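A closer look at the structure
As a plain string of letters, each chain reads:
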Amino acid sequence: MDFSRPKCSPWRELVLVASLLASGIFQTAGQLSIIPFIGLEGYRSFLDLENIPEDAQEYSWHRGVSDTEGNMIVSYRPPSNSWQSGPMFSGRENVTKEGRLTIKNSMLNDTGNYTVRVDVSGGSHRATSWLEIREEESDPGISTNTTSVVEYMDSVAAFCHTNATTIRWYVNGLQVSSNDLMTISPDGKTLIILKVSRYDVILRCALENILGYLQKSEQIILTVAYGPDNVRLRSDPSVFNGMLSAELGSKVEMKCTSTAFPEPKYRWIHNGSLLSISETNITLPSLTWEQMGRYRCIVENPVAQLTMYRDIQIQRKTGYLPIGEIDFYISGSLVVFLIVMTVLGGVYLCGILVYLMINHFSTRTNRAI
């Protein structure tokens, strides 16, 4: 694999310094030096120079602690922009125009001392350092104490199987850290989600190798049971304040929906009696008196052990009589009442008029006598 050089982490810098001290190589300030490097098998490795003298005429890299012709790997001459390979050249090495030695597809036997000679017009400068190639650590493994949980009721513990010390955890592709909902053990190898939600589905861990690249585990996908929630009871004709008004003989449809996993069970109750219907909807092709009353849709999730319901009341639709041009209506029963009262009032008035007329004529007759 071929990647550009990653940024060194602090712990890696300490390892490099320790390697430098262990090799017994000490450089004075301002003197040409090579930065030690720890690489991984199969990746590209680098040996960079520090304090490069000006007017470099040739960069010559050698295997070992001396710069003899017999152990030369490859050299680069800036004036002629030319390269020359040596006896130790394997076809994977190259020198950049800045004097850096690069080794593609590094191998374990590339580990060892390397020496560079930089020729200038006034002489030569030499430096030696250490390159170490290690085997790449295998990708981490992952396991959980369970993969089937109930939302907000169960917790889950995930374990990252690796010898690495730098471990990261990902939930649904996002890196997570300890918080009120989950906690990570001090060694980073255990993630505990205290109350699993329907959104905590995909778990994964990763390690950071010495080059700073992430090596990720396989994914574990949780099965989270949740709901029912958002239970809705819709109908045709439409419901208003829980009441459905319909004409006798008309068609009535009711449909119950909810959000849940796994698919919930549906039951219907009519006026307290359980119906033999397990579907989400009920259709009454021709509404009768017996079919009126209260309907209840019960939604049950046996896995989550949660049950919810929604009610609807079917009543006979009554007629309305519009009055004038405004949005005001009088019900049919009230119209009958008003008519009866009007008739009775008319009869009463007529009786009074008749009484007054009889009384008037009787008075006149008596006066005439």
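See the structure printed just above.
One structure accompanies this document, and this report is about it.

Here's the deal with the packing of aromatic side chains
Evaluated as defined, the whole model comprises four aromatic pairs. Geometrically, the ring pair formed by Tyr226 and Phe261 is stacked, given 6.4 Å between the ring centres and 25 degrees between the ring planes. On the criterion of sequence distance, the pair formed by Tyr226 in strand β22 (residues 223-236) and Phe261 in strand β24 (residues 252-261) is long-range, its members being 35 residues apart. Note on Phe261: relative accessible area 39%, which makes it partly exposed. A cation over a ring is seen here: Lys216 above Tyr170, with NZ or CZ 4.8 Å from the ring centre. One Lys or Arg, Arg296, reaches over the ring of Tyr309 and ends 3.9 Å from the middle of that ring.

A look at a negative patch on the surface
Residues Glu41, Glu135, Glu136, Asp139 and Glu218 make up a contiguous surface patch of negative charge. Assignment of secondary structure puts Glu41 in the loop between β2 (37-40) and β3 (45-47). Residue Glu41 is classed as partly exposed on the basis of its relative accessible area of 34%.

Here's the deal with the state of the cysteines
Within the structure shown, the criterion is met by two disulfides. Residue Cys160 pairs covalently with Cys205 via a disulfide, S to S 2.1 Å. Judged by the torsion about the S-S bond (75 degrees), the Cys160/Cys205 disulfide is right-handed. Here Cys160 is found in strand β14 (residues 156-161), whereas its partner Cys205 is found in strand β19 (residues 202-208), with 45 residues between them in sequence. Judged by its relative accessible area of 3%, Cys160 is buried. Cys205 sits in the buried class, given a relative accessible area of 0%.

Focus on the side chain of Glu151
Secondary-structure assignment places Glu151 in the loop between β13 (148-150) and β14. In this structure Glu151 touches Val196, Ser197, Arg198, Val224, Ala225 and Tyr226, once residues within four positions along its chain are discounted.

So, the nonpolar core
If you look at the biggest cluster of nonpolar residues, it comprises 27 residues, and the most contacted ones within it are Leu47, Leu49, Trp61, Leu101, Tyr114 and Val116. Leave out the neighbours within four places in its chain, and Val116 touches Leu32, Ile34, Leu49, Ser60, Trp61, His125, Arg126 and Ala127.

Observations concerning the sheet that holds strand β8 (residues 93-95)
Read from one edge to the other, the open sheet built from three strands follows the order β3-β9-β8, with strand pairing classed as antiparallel. Only two strands of the sheet have a single neighbouring strand rather than two, namely β3 and β8. Recorded for the sheet is a direction-independent mean angle of 20 degrees between the axes of neighbouring strands. As judged from the three bridges shared by β8 and strand β9 (residues 101-103), these two strands associate in the antiparallel manner. Bridge assignment links Val95 to a residue of β9, and that residue is Leu101.

The rules behind the values
- Residues numbered from 1 in each chain as written.
- Predicted model: local features only at pLDDT ≥ 70, side-chain atom pairs only at ≥ 80, totals over all residues.
- Heavy atoms only, no water.
- Phe/Tyr/Trp six-rings, centres within 6.5 Å; stacked < 30°, edge-to-face > 60°.
- Helix = DSSP H or I, 4+ residues; strand = E, 2+ residues; numbered from the N terminus.
- Buried < 20%, exposed > 50% of the residue type's maximum accessible area, 1.4 Å probe, protein only.
- Lys NZ or Arg CZ within 6 Å of the ring centre and 35° of its normal.
- Patch = residues over 30% accessible without salt bridge, like charges linked within 9 Å, V, L, I, M, F, W, Y side chains within 5 Å.
- Areas by Shrake-Rupley, 256 points an atom, 1.4 Å probe, with all protein chains shown as cover.
- Salt bridge = Lys/Arg side-chain N within 4 Å of Asp/Glu carboxyl O.
- Lys, Arg positive; Asp, Glu negative; His and termini not counted.
- Charge placed at Lys NZ, Arg CZ, Asp CG, Glu CD.
- Disulfide = S-S within 2.5 Å.
- Contact = heavy atoms within 4.5 Å.
- Core = buried A, V, L, I, M, F, W, Y, C linked by side-chain atoms within 4.5 Å.
- Pairing = 2+ DSSP bridges.
- Axes fitted to C-alpha atoms, helices over the stretch in contact; angles between N-to-C directions.

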